[in-house]
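Structural description and commentary
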Amino acid sequence: VLISEDGQARAVDLKTGAQTLLEGLTFHQNDNLQFNLSGNRLLYFSMDSNVEGLGITKLGVIDLDKGIFIAFDRDGYDNLEEEAIGWEDDNTVSINARTLDDETQYLLMYQF
């Protein structure tokens, strides 16, 4: 993935050199991308640097095969300390979190 100075993201096929503009995605400083195991989807997430843990404010997926980007805002992230995010399989993303008092742990699962 190439990110321009103005935040426009392009996926680059390393075999052919072809570039595809990722429509609807403007990349910001606290944004992150992570490929799934098959390499055909990108997990997109944005973090709030003012909370404990990851503070994932936005979550989405870029499907490179279909050329589709979907994302949504998350509520309640500031009531948890989110510790990890990643792909469980090619369609499922998980977030490990716990309450601020360390009493309860959560595994939040999202299927795309």
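The structure this text deals with has already been given above.
Being a predicted model, the structure only gives us computed values, none of them experimental. (Residues numbered from 1 in each chain as written. Predicted model: local features only at pLDDT ≥ 70, side-chain atom pairs only at ≥ 80, totals over all residues. Heavy atoms only, no water.)

The strand order across the open sheet formed by three strands is β8-β9-β10, and the pairing between neighbours is antiparallel. Looking along the sheet, the strands with just one partner apiece sit at the ends: β8 (80-87) and β10 (105-111). Neighbour to neighbour, the strand axes of the sheet diverge by 20° on average, direction disregarded. With seven bridges joining them, strand β9 (residues 92-99) and β10 adopt antiparallel strand pairing. The partner of A97 across the bridge, within β10, is Y106. (Pairing = 2+ DSSP bridges. Helix = DSSP H or I, 4+ residues; strand = E, 2+ residues; numbered from the N terminus. Axes fitted to C-alpha atoms, helices over the stretch in contact; angles between N-to-C directions.)

Right, let's get into the nonpolar core. If you look at the biggest cluster of nonpolar residues, it comprises ten residues: L43, F45, I56, L59, V61, I85, W87, V93, I95 and Y110. Elements with a contribution of two residues or more to this core: β5 (41-47), β6 (56-63), β8 and β9. Tallying contributions element by element places β6 first for this core, with three residues. Beyond its immediate sequence surroundings of up to four residues, L59 is in contact with L43, Y44, F45, I70, A71, F72, R74, I85, V93, Y110 and F112. Counting residues in each nonpolar core, the second largest holds seven residues, with A9, L22, L25 and I62 among its members. (Core = buried A, V, L, I, M, F, W, Y, C linked by side-chain atoms within 4.5 Å. Buried < 20%, exposed > 50% of the residue type's maximum accessible area, 1.4 Å probe, protein only. Contact = heavy atoms within 4.5 Å.)

For the structure shown, the criterion picks out three aromatic pairs. For the pair Y44 and F69, a centre-to-centre distance of 5.5 Å together with 85° between the ring planes defines the contact as edge-to-face. Here Y44, found in strand β5, pairs with F69, found in strand β7 (residues 68-73); they are 25 residues apart in sequence, far enough to count as distant. A residue is classified by how much of its surface remains accessible, and F69, at 22% relative accessible area, is partly exposed. Ring centres 6.5 Å apart and planes at 25° place the aromatic pair F72 and F112 in the stacked group. With a gap of 40 residues between them, F72 in strand β7 and F112 in the segment after β10 connect regions that are remote in the sequence. On the basis of relative accessibility, which here comes to 22%, the residue F112 falls in the partly exposed class. Taken together, F72, Y110 and F112 form an aromatic cluster joined through their ring pairs. (Phe/Tyr/Trp six-rings, centres within 6.5 Å; stacked < 30°, edge-to-face > 60°.)

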